[in-house]
Amino acid sequence: MAVTLRDVARAAGVSAATASRALSAPDLVAPERRELVRRVARELGYRPNRAARELITGRSGHLCLVVPDLGNPFFSAVAKAVQARARATGHAVVVADAEEDPVLEAELVAQLGGQADGVLLCSPRMSGDDLAAVAADGRPVLLVNREGAGLPSVVVDNRDGVRQAVRHLHALGHRRVAYAGGPSGSWSDARRRDGLAALDLDVEVVDLGAHAPVFAGGVGAADLAVASGATAVLTHNDLMALGMLDRLRTRGVRVPADLSVVGFDDAPVATLVTPSLTTVAMPLARLGRTAVDLLLAPRGGEVPHSVLPVELVVRGTTAPPPETSEPR
């Protein structure tokens, strides 16, 4: 015979209403009692009837997370944190990969959003008008790593990340720094360019243009960095930095003796290369946890926005510039 919610409540010594809240809205129950109910439910083998709960509460118990590319360590780390935090609140997460396609992104939101209690859009590539259309639908939506359309959001301080990276390079003696940017439609890339434009340092910034935020994008940007005569280069993310390091090694350009390289994200692979990568560390786990908390928080009159700090991690790919900086 199937175990019911009343069985769980009776065994835990609580009311059926308290047992229900502990399993479906855990933030409303004291931690000790919540854990007691969950432990008893596990021991009894209780399985909630999600279809019945949705009919009663009008909630599915699911969240939808849309990311541009699950192959990118940045997004997979955020997705992992989102799932862990959502699970703690009694929600399952449906993760969708938009393949860096803004049209597919909008289609996924339309297809999955109506079946979820809320939608998390991570680094969305869609236009501001499309975001406004999503906001107008009335479903709970939160932006991760982007701001706009009057939607709640959680982002990292991209401008400060750029400032920290270039100040480090400046302190080492670099005066000509190249920037290998990400996709032209990337919101975070635009914020980093804002940070570069606002620098108050004696540094010339060379724009190497927009590139795919993948390994191959860094490979292509490496030749431009070498031709620019810069003594250091900042890349849009760590994947691009790794591609750049590979191409520079092939060309016989020594890092950091001939050219310093700085990444963005502090992905796990940043420490698996030689030399290990100097990078701007993003609080990816905190980004995912905060996104879920803001999405599920009761809404007052003010739209919530959160900006998380970043931190430069200095490793082996940065050093003082060579005595000459002639184009190679």
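For every chain, the first residue of its written sequence is number 1, and the numbers climb from 1 along that sequence. pLDDT decides what is reported in this predicted model: residues at 70 or higher carry local features, side-chain atom pairs at 80 or more are listed and counted, and totals for whole chains, interfaces and linings draw on all residues regardless. Excluding hydrogens and water, the side-chain figures rest on all heavy atoms present in the structure.

- The name given to the chain in an unreviewed UniProt entry is LacI family transcriptional regulator, with Cellulomonas phragmiteti as the source organism.

### Details of the nonpolar core
For step 1, the next point in the chain: Think of a nonpolar core as a cluster: buried Ala, Val, Leu, Ile, Met, Phe, Trp, Tyr and Cys residues, connected wherever their side-chain atoms sit within 4.5 Å. When a residue's accessible area, from a 1.4 Å probe over protein chains only, is under 20% of the maximum for its type it is buried; when over 50% it is exposed; and in between it is partly exposed. Counting residues in each nonpolar core, the largest one holds 40 residues, and the members touching the most others are Leu120 and Val144.
For step 2, the next point in the chain: Residue ranges assigned to the domains are those given by an automatic or database domain assignment. Looking at which domains feed residues into this core, each of domain 2 (62–155 + 285–309) and domain 3 (158–282) gives three or more.
For step 3, the next point in the chain: The contact definition used throughout considers only heavy atoms, calling two residues in contact when any of these lie within 4.5 Å. Ignoring sequence-local partners within four residues, the contact set of Leu120 consists of Cys64, Leu65, Val66, Val82, Leu142, Val144, Ala291, Val292 and Leu295.
For step 4, the next point in the chain: Judged by nonpolar contacts, the second largest core, of 22 residues, contains Ala221, Leu248, Val255 and Leu277.

### With respect to empty space enclosed by the protein
Once rolled over the atoms, a probe with the size of a water molecule shows which space is left empty.
For step 1, the next point in the chain: Using protein atoms alone on a 1 Å grid, points that fit a 1.4 Å probe yet trap it form a cavity, whereas open point sets bounded by protein on both sides within 12 Å along at least five of seven lines form a pocket; residues with an atom within 4 Å of a point count as lining. Grid points are joined across faces, edges and corners, and a volume is the space filled by probe spheres set on the points. A full pass over the atoms with the stated rule returns one cavity of 30 Å³ or more.
For step 2, the next point in the chain: If you trace the largest cavity, you find 13 residues lining it, with Phe74, Phe75, Asn145, Ser188 and His236 closest to the centre.
For step 3, the next point in the chain: Here a strand is any run of E in DSSP of at least two residues, a helix any run of H or I of at least four, and the numbering for each starts at the N terminus. Elements supplying a minimum of two residues to the lining of the largest cavity: α5 (73–88) and α9 (187–197).
For step 4, the next point in the chain: Among the residues forming the lining of the largest cavity, the class breakdown is three nonpolar, seven polar and three charged. Gly counts as polar in this scheme, as do all residues outside two lists: the nonpolar Ala, Val, Leu, Ile, Met, Phe, Trp, Tyr, Cys and Pro, and the charged Asp, Glu, Lys and Arg.

### What to know about unusual backbone geometry
For step 1, the next point in the chain: Pro256 follows Val255 through a cis peptide bond whose omega is 10 degrees.
For step 2, the next point in the chain: As for its position among the elements, Pro256 is in the loop between α11 (238–251) and β9 (260–265).
For step 3, the next point in the chain: In this structure, Pro275 follows Thr274 across a cis peptide bond, with omega equal to -5 degrees.
For step 4, the next point in the chain: Its place among the elements puts Pro275 in the loop between β9 and β10 (278–281).
For step 5, the next point in the chain: For Ser123, which is not glycine, the phi torsion reads 45 degrees and is therefore positive.
For step 6, the next point in the chain: For Ser123, the location among the structural elements is in the loop between β3 (118–122) and α7 (128–136).

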